[in-house]
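Chain and residue survey
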Amino acid sequence: MDTGLDVDLANLDLPAEQMQAMGEDVLARIVAHLRGLPGAPICGDFTGIEDLCRSLREGEPESGASLDSLLAPLFADWVPRSFGTPGPGYLAYIPGGGVYPAALASFIADAVNRYTGIWQAAPALVQLEANTLEWLRDWMQFPTSARGLYTPGGSMAMFNAIASAREQRLGTDIRAGTLYVSSQSHHCIIKAARLAGIAHDRVRVIEVDAQYRMRLDALCAAIDADRAAGLKPFMVFSNAGTTNTGAVDPLDAVADLAEREGLWHHVDGAYGGFFHMVPELRHLLSGLSRADSLTLDPHKGLFLPYGTGALLVRDGEALRHLHSSSAGYLPANQSEFYDPAQYGPDLSRGFPGLRVWLTLKFFGAARYRAALAEKRALAVWAAEEISRIPGIVMDAWPDLSLFAFHLEGAALDTLEKQNAATRALMQNVTARGQIMMTGAQVGERFLGRVCVLSFRARQAQMDACVEQLRQEAARLLCSE
Ligand SMILES: Cc1ncc(COP(=O)(O)O)c(C=O)c1O
């Protein structure tokens, strides 16, 4: 048939030898990149970054280019000019992961590109994903009735949790519902609430105590006030490790209160939830397993690549009720097997479960437990050492693997000066290139913070962190 079309141009498939060569090229670059991480500057060079970004603006490419011409600047110029999130010295924010088997799993999932939205399209693959959700459920000691889903991250896990709670507790009476977070809760919750139809005037921000934990008396008072005003308190969020200081809220007490008041209790375990996998550390998160729903971020505590969040919901039917739908062009829904589109908003989707399955099966859970226990031990050790540095005042000891502090000195006689010095301390250590740390403005005070969750962070990095903080703190106090 002669259609007049250019059939060579229309063919997007590649010969086997070319695919092999392209794969080898990418693999060689990746391995070289990963091998270079320990020596690479931990915070990329951002000089002239705006000009670089402007120069990168481009129109559509009409013709193709060689892979080499695309990969060369990517690896040489663009990837390095970013935060060194996978680097061993990354103690900033909440470190993400990037374990190698997970990268291979993502490649496999994209290359085989099977459809995992509905069970019937890839039953065995969906079963692997279901297995991993059951592992999460068991590590968190949720009941077998619980169900979950993978999301792009913690933020979308919150969204699905709020939508599930709203649907079950409020039905169509959405405007009556009020939701409670602490002043230290992650800002993504308020955003997720807005997306789920709970406007800002129905979100109550509860004060924290001196350890940055939600105050139960303030929570009770807020609930009472809302009831008195004719509103319907329906959901409370507690933290299994806050982003600012790592604080773990009194999860058991919040669970008691939620039970008493008939509220849906969601625990944000995006940062800290996976410490529950380690039996010896479980007591630090006592009450977590009583939650109605739980955010987990495998791209943090399971050291997986960004794009891997998860939600567990105790009453699996509540999650299914929210998401279940059917269409005449699709197979009928079944209920024996886990079915992603029945438990989450996506229909066509990638295959996030393979990342979790392949990595967990490759390493085994024991190595994960060891790694998590090590991160906690390193944080406890570093906090002790750092607390002894002259001028350092601890604001939050590690409940898990994150702690916060600030700098004081004779000449730092105002809060403003202490804040400026603490900020400079974070920046000066980071500028040395080996350790990256960030702080957080918490109320009036700027806190320095260290979060140990990079799987590549080991004792050597903690030694460097302590020593560099010691030197930079001395320098700052000297120059006051
Ligand atoms: C405690 C906590 N909750 C929620 C989030 C949001 O998760 P994500 O960035 O995966 O959307 C974060 C992110 O750092 C976090 O630390």
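That block above? That's the structure.
Every value quoted in this text rests on a predicted model; they were computed, and no experiment measured them. (Residues numbered from 1 in each chain as written. Predicted model: local features only at pLDDT ≥ 70, side-chain atom pairs only at ≥ 80, totals over all residues. Heavy atoms only, no water.)

**Some remarks on the site of the ligand**
As a reminder, the rule being used: When we say a residue is near a molecule or strand, we mean one of its heavy atoms is within 4 Å of it. We define a polar contact as two N or O atoms separated by no more than 3.5 Å, with the added condition that, inside protein, one atom must be a possible hydrogen donor and the other a possible acceptor, whereas residues neighbouring each other in sequence contribute only through side-chain atom pairs. Computed by Shrake-Rupley with a 1.4 Å probe, the accessible areas treat only the displayed protein chains as cover when residues are assessed. Helix and strand assignments follow DSSP, with helices taken as H or I runs no shorter than four residues and strands as E runs no shorter than two, numbered in order from the N terminus. Under the grouping applied here, Gly and all other residues not named as nonpolar or charged are polar, the nonpolar ones being Ala, Val, Leu, Ile, Met, Phe, Trp, Tyr, Cys and Pro and the charged ones Asp, Glu, Lys and Arg.
The environment of the ligand is made up of 14 residues, and the closest members are G154, S155, T243, D268 and D297. Within the side chain of T243, an N or O atom sits 2.9 Å from an oxygen atom of the ligand. Note that a nitrogen atom of the ligand is positioned 2.7 Å from one of the side-chain N or O atoms of D268. Coverage of the ligand by the protein amounts to 85% of the 390 Å² it exposes when considered alone. For the shell around the ligand, the elements supplying multiple residues, two or more each, are α7 (154-170) and α11 (298-301). Of all the elements, α7 adds the most residues to the shell around the ligand, at 3 residues. Classifying every residue of the shell around the ligand gives 4 nonpolar, 7 polar and 3 charged.

**Re the sheet that holds strand β2 (residues 177-182)**
To keep things clear, this is the line we draw: Only strands joined by at least two bridges in the DSSP assignment are considered to pair. Only the stretch in contact is used when fitting a helix axis, every axis being a line fitted to C-alpha atoms; angles between N-to-C directions are given from 0 to 180 degrees. Residue contacts are defined here by distance: any two heavy atoms, one from each residue, within 4.5 Å place the two residues in contact.
Spatially, the 7 strands line up as an open sheet ordered β1-β7-β6-β5-β4-β2-β3, and their pairing is mixed. Looking at the sheet topology across the chains shown, the edges are occupied by β1 (147-151) and β3 (203-206). Averaged over all adjacent pairs, the angle separating strand axes in this sheet is 20°, with direction ignored. Pairing of β2 with β3 involves 4 bridges; the strand directions are parallel. In the sheet register, V181 faces β3, and the bridge partner there is V205. Packing against the sheet, helix α9 (residues 216-228) makes contact with β2, β3 and β4 (232-239), and its axis sits at approximately 165° to β2.

**Quick look at empty space enclosed by the protein**
Applied cut-off: Detection works on a 1 Å grid of protein atoms alone, calling trapped sets that fit a 1.4 Å probe cavities and calling open sets with protein on both sides within 12 Å along at least five of seven lines pockets, with lining residues defined by an atom within 4 Å of a point. Grid points are joined across faces, edges and corners, and a volume is the space filled by probe spheres set on the points.
Evaluated as defined, the whole model comprises 1 cavity of 30 Å³ or more. Together, L149, Y150, Y338, P340, G344, P345, D346 and R349 line the largest cavity. Of the residues that constitute the lining of the largest cavity, the class distribution is 5 nonpolar, 1 polar and 2 charged.

**Thoughts on helix α10 (residues 251-261)**
The test is simple: Classification of residues uses two cut-offs on accessible area relative to the type maximum, computed with a 1.4 Å probe and protein chains only: under 20% is buried, over 50% is exposed, and between them is partly exposed. As used here, the arc is the angular range of directions from the helix axis to the C-beta atoms.
Buried within α10 are the following residues: L251, V254, A255, L257 and A258. The buried residues of α10 occupy an angular sector of 165° when projected down its axis, which confines them to one face. For α10, the exposed residues set more than 90 degrees away from the buried face come down to E259 and R260. In the core, the buried residues of α10 are packed alongside α9, β4 and β5 (264-269). G262 occupies a position one or two residues after α10 and carries a positive phi of about 70°.

**Remarks on the sheet that holds strand β8 (residues 392-396)**
With antiparallel pairing, 4 strands are arranged side by side in an open sheet as β8-β9-β11-β10. Strands with a single pairing partner mark the edges of an open sheet, and in this sheet they are β8 and β10 (439-442). Looking at each pair of strands side by side, their axes are set apart by 40° on average, direction ignored. Two elements, β10 and strand β11 (residues 445-451), share 4 bridges in a ladder whose sense is antiparallel. Paired with Q441 across the two strands is F446, which belongs to β11. Sheet strands touched by helix α15 (residues 365-387): β8, β9 (402-407) and β11. Its angle to β9, the strand with the most contacts, is close to 10°. Across the sheet, helix α16 (residues 415-431) is in contact with β8, β9, β10 and β11; its angle to β11 comes to roughly 25°.

**Thoughts on the pairing of β9**
Burial of β9 is extensive: 6 of the 6 residues sit out of reach of the surface. Pairing analysis gives 4 bridges linking β8 to β9, with the strands arranged antiparallel. Within β9, the position partnered with M394 by the bridge is F405. The hairpin turn running from β8 into β9, its antiparallel successor, is 5 residues long. Note: β9 against β11, 4 bridges, orientation antiparallel. Residue A404 lies in a different strand from β11, and its bridge partner there is R449.

**Some remarks on the layout of surface pockets**
Our working definition: Segment limits for the domains were obtained from an automatic or database-derived domain assignment.
When its volume is computed, the largest pocket comes out at roughly 1,300 Å³. Around the largest pocket, the lining comprises 47 residues; the ones closest to its centre are I30, H33, L34, F75 and A103. If you list the elements that add at least two residues to the lining of the largest pocket, you get α2 (16-36), α4 (67-78) and α5 (100-112). Broken down by element, the lining of the largest pocket gets its largest block of residues, 10 residues, from α2. Split into classes, the residues belonging to the lining of the largest pocket amount to 29 nonpolar, 15 polar and 3 charged. Here the lining of the largest pocket spans two domains, since at least three of its residues come from each of domain 1 (105-363) and domain 2 (367-478).

**Description of unusual backbone geometry**
Residue Y93 is not a glycine yet carries a positive backbone phi of 40°. Residue position: Y93 is located in the loop between α4 and α5. The exposure class of Y93 is partly exposed, given its relative accessible area of 40%. In the Ramachandran plot, Y212 falls in the positive-phi region, its phi being about 65° despite a non-glycine side chain. Examined against the element boundaries, Y212 turns out to sit in the loop between β3 and α9.

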